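# Coordinate analysis (summary)
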Amino acid sequence: MAALGCKWDALFVLALASLMLSCKGDDLKKSNDYTESVSGGEQSNPHAVKADDLQQNEADGHEGEERDGGGRQWQPTGVWMGEGPEHGETFTAPPSKDQFQEEMVLRPLHSGDIYASFQFRTQWDTDFLHDGNKASHYRLFPKSLGQVLSKFSVRELHISFTQGYWRTMQWGQPFIPSPPGAELWVWFHHTVMDVDENWKELTNVLSGIFCASLNFIDSTNTVEPSASFKPLGLGNATDHRFLRYATLPREIVCTENLTPWKKLLPCGSKAGLAVLMKSEKLFHSSFHSQAVHIRPICKDWQCTSTSWELRQTLNVVFDLYTSGQGKKEWSLFKMFSRTLTEACPLASSSKVYVDVTDNKGGELFDLTPASPLVSTAVVLGDRRTYSVYDLTKKETFGQLRSLNPLLRWKRESDEMLRPLLHAERYVSGFGLQTGEIHTCIYNNHPYRAYPVLLLDTVPWYLRLYVHTLTVTSKMHENKPSYIHYQPSKDRVRPHLLEMLVQLPPHSVTEVTVQFERALLKWTEYTPDPNHGFYVGSSVISALVPSIVAMDTNSTHERPLFSSFFPTKEESSYFMRVYTEPLLVNLPTPDFSMPYNVICLTCTVVAVGYGSFYNLLTRTFQVDEPSTPLAKRLANVIRRLRGVPLL
């Protein structure tokens, strides 16, 4: 028996050894075949193939296997475990090409306030719109947004939530502007058959993702601009049928909108710059705006390959007296009640910029700790200087392992230069029947004239008199070179007015139009009708003359806050300006009258019918009067004495 057992053990060892040798032979054969193919290609091609190109092709091949492999499945460890005759083979996961960058800019304002801008950029190397494939592998890009792009064939998506109004004359121009309330504009792919249906479903899905009231977007507040809101990414689409734009100027932004926004970040709010986003501090400010921008971009100058860019921005302005206790002294801990201790581990770049352009020689304020890195960038047509703190380097945090830049003012700052382009809007008139909308556009350039594109969206219940439209500059009529007007339909769509107006140098151009207020149905009024009805902001788009030459190559390495809007000319830069939203009172019925009628009717019913019903249902009984107490005592005494009772 022992000899038989040893025999079977020897057979098992021999079988196992032969199996291992056969596997090694197959692998060696495959390796030789691949080497011969590569060497043959090198001999036939006089230009040798670079190793980087081979790695890129190999990564692309792995991506194709991941998409097309029917039974193959990528495991978290990066090893494919499949079934079949070649189940012994192992494949390593393709190298990830996604990138994530985060930046924060601190800009001291001339008013004593401070402006903090966060920029988070996630680059996703996939193009499922052209390839027709469904993206199934998500690493840094949020899966919820990726599925939205794929399902609704979205080419570009821009959404913002803003609380407060940006004071351009006090704070200058923001890096990325946004109107008060909620704004959403989307470019759909040209293969979409029913754009309106996709738009309706998309707004409902985004309403759930961002926990907002975007489901109130319908045909009554949606327009199709013909000239404004061109794509910011790839392509120069001119068919405005695939564009939808809508605003909700009354949308309130609060913590429930910030929380899902932070969850879209690769590190969430656990590491990196996002740890500073403490809601009780962010919403205790003069201005707060958060946005999400998704667009396709080129990866190189020739645009041979494309990728999706997700840019999340958050802008906040802290007031000198509300947040700063009246002292011109700012630090991260004073603004956010937290400091920076590390960068996001998934970020390829994590930097903090402090604008020191006006602080020549440290005369205006002291910045501690001082940074040895200084960078210059062209922002909004001006060359700015920044002190840079690189969070990916350990020496940035010092011995305390914490970064808390402190800005302490030495003297009062000089007056701010007036922005080249500024606009405001208001309503004039008296009574509740008619009124007039005034839009004033300021060109503060001393000697340059340039055109601007004005977009006005007015609700249907303000009936515009288009024949009263006037455009004046320097007390003279300024005839627009392009006008597109789409009249409204009651309870169906709003007014849409687009104009291309030339602004003379150093001038104020005023656009006025009269309107009539409509009387709504009593079910169409809001719960607080006497508060008024909001009208969305006007949108002004322009190519403003630049002081310095702009960089037209969008693939160059630049800070995120200076590379959002594409630049096609060196002599000008694109700027978008939003005016204030309007608050208009409409003829409001006396909603207390139904209450008075109900009270009076109930009183009449209670008194009249109640008394009548009481008489019909009540039963009457004769109640014999009871004997007085004195008489009863006398009868008791009489009964004891045997005398007749009373």
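Residues numbered from 1 in each chain as written. Predicted model: local features only at pLDDT ≥ 70, side-chain atom pairs only at ≥ 80, totals over all residues. Heavy atoms only, no water.

Attention now moves to the overall build of the protein. When helices and strands are counted, the protein shows 11 helices and 26 strands. Put simply, the protein has 646 residues, and 45% of those count as buried. Across the protein, the fraction of contacts at a sequence separation of at least 24, relative to all contacts at a separation of at least 6, is 75%. For the protein, the computed accessible surface area is about 35,100 Å², with 56% contributed by carbon and sulfur atoms. (Helix = DSSP H or I, 4+ residues; strand = E, 2+ residues; numbered from the N terminus. Buried < 20%, exposed > 50% of the residue type's maximum accessible area, 1.4 Å probe, protein only. Contact = heavy atoms within 4.5 Å. Areas by Shrake-Rupley, 256 points an atom, 1.4 Å probe, with all protein chains shown as cover.)

Another point: the sheet that holds strand β19 (residues 476-477). If you trace the 5 strands from one edge of the open sheet to the other, you get β15-β16-β22-β18-β19, paired in antiparallel fashion. Two strands close off the open sheet at either side, each with one partner strand: β15 (421-428) and β19. As judged from the 8 bridges shared by strand β18 (residues 462-473) and strand β22 (residues 507-517), these two strands associate in the antiparallel manner. Bridge pairing links threonine 470 to threonine 512 in β22. (Pairing = 2+ DSSP bridges.)

Bringing the side chain of threonine 512 into the picture now. As for its position among the elements, threonine 512 is in strand β22. A polar contact is formed between the side chain of threonine 512 and the side chain of threonine 470, at a distance of 2.4 Å. The residues contacting threonine 512, other than those within four sequence positions of it, are Glu436, Ile437, His438, Thr468, Leu469 and Thr470. (Polar contact = N/O pair within 3.5 Å; in protein donor to acceptor, adjacent residues only side chain to side chain.)

On the surface, Val605, Tyr609 and Tyr613 cluster together into a nonpolar patch covering about 340 Å² of accessible area. By the secondary structure assignment, valine 605 is in helix α10 (residues 592-617). (Patch = residues over 30% accessible without salt bridge, like charges linked within 9 Å, V, L, I, M, F, W, Y side chains within 5 Å. Salt bridge = Lys/Arg side-chain N within 4 Å of Asp/Glu carboxyl O.)

For helix α11 (residues 629-641), built from 13 residues, the straight-helix expectation of 18 Å at 1.5 Å per residue is met to within 8% by its first-to-last C-alpha distance of 19 Å. Looking one or two residues past α11, glycine 642 carries a phi angle of roughly 80 degrees, positive in sign. (Expected span 1.5 Å × (residues − 1).)

For the rest of this paragraph, the subject is the packing of aromatic side chains. A full pass over the atoms with the stated rule returns 28 aromatic pairs. Measuring from centroid to centroid gives 5.0 Å for tryptophan 185 and phenylalanine 229, while their planes differ by 55 degrees, and the two rings are tilted. In this pair, tryptophan 185 sits in strand β4 (residues 181-188) while phenylalanine 229 sits in the loop between β5 (222-223) and β6 (243-248), placing the two residues 44 residues apart along the sequence. Just as tryptophan 185 is buried, phenylalanine 229 falls in that class too. An aromatic cluster of at least three residues, connected via ring pairs, comprises Tyr115, Trp166, Trp171, Phe175, Phe287, Tyr353, Tyr386 and Phe561. Geometry around phenylalanine 175 places arginine 107 over its ring, the cationic atom sitting 5.3 Å from the centre. The ring of phenylalanine 152 carries the charged tip of lysine 151 above its face, separated from the ring centre by 5.7 Å. (Phe/Tyr/Trp six-rings, centres within 6.5 Å; stacked < 30°, edge-to-face > 60°. Lys NZ or Arg CZ within 6 Å of the ring centre and 35° of its normal.)

Right, let's get into the pattern of salt bridges. For the structure shown, the criterion picks out 16 salt bridges. Among the ionic pairs, glutamate 309 bridges to arginine 311, the shortest N-O distance being 3.1 Å. We classify glutamate 309 as buried; its relative accessible area is 2%. For lysine 410, the salt bridge goes to aspartate 366, with nearest N and O atoms at 3.1 Å. One end of the pair, lysine 410, is in the loop between β14 (406-409) and β15; the other, aspartate 366, is in strand β11 (residues 365-368), with 44 residues separating them in the sequence.

Quick look at the sheet that holds strand β2 (residues 114-124) now. Spatial strand order, β5-β6-β4-β3-β7-β8-β2-β1-β10-β13-β12: 11 strands in an open sheet with mixed pairing. Looking at strand neighbours, the two that pair on one side only are β5 and β12 (373-379), the edges of this open sheet. Across the sheet, helix α6 (residues 195-209) is in contact with β3 (154-163), β4, β5 and β6; its angle to β4 comes to roughly 135 degrees. Sheet strands in contact with helix α7 (residues 255-263) are β2, β7 (287-298) and β8 (306-318), and its direction is about 30 degrees off that of β7. (Axes fitted to C-alpha atoms, helices over the stretch in contact; angles between N-to-C directions.)

Attention shifts here to the pairing of strand β16 (residues 434-443). Counting buried positions along β16 yields 8 of 10 residues, so the element is predominantly enclosed. By the bridge criterion, 8 bridges tie β15 to β16 in an arrangement that is antiparallel. Within β16, the residue paired with serine 428 across the bridge is glutamate 436. From the end of β15 to the start of β16, which pair antiparallel, there are 5 residues, and glycine 429 there has a positive phi angle of about 115 degrees.

Turning to the state of the cysteines, a few remarks are in order. Following the criterion strictly, the structure yields 1 disulfide and no others. What pairs with cysteine 267 in a disulfide is cysteine 344, and their sulfur atoms sit 1.8 Å apart. With the S-S dihedral at roughly 70 degrees, the linkage between cysteine 267 and cysteine 344 falls on the right-handed side. A residue pair is termed long-range when its members are at least 10 positions apart, and cysteine 267 in the loop between α7 and α8 (279-282) and cysteine 344 in the loop between α9 (332-336) and β10 (349-355) qualify at 77 residues. A single burial state applies to cysteine 267 and to cysteine 344, both of which are buried. We note that cysteine 211 lacks a disulfide partner, and the nearest cysteine sulfur, in cysteine 254, lies 7.6 Å from it. Looking at cysteine 211, the relative accessible area reads 37%, which means it is partly exposed. (Disulfide = S-S within 2.5 Å.)

Note that all results are geometric; they support no functional claim without further evidence.
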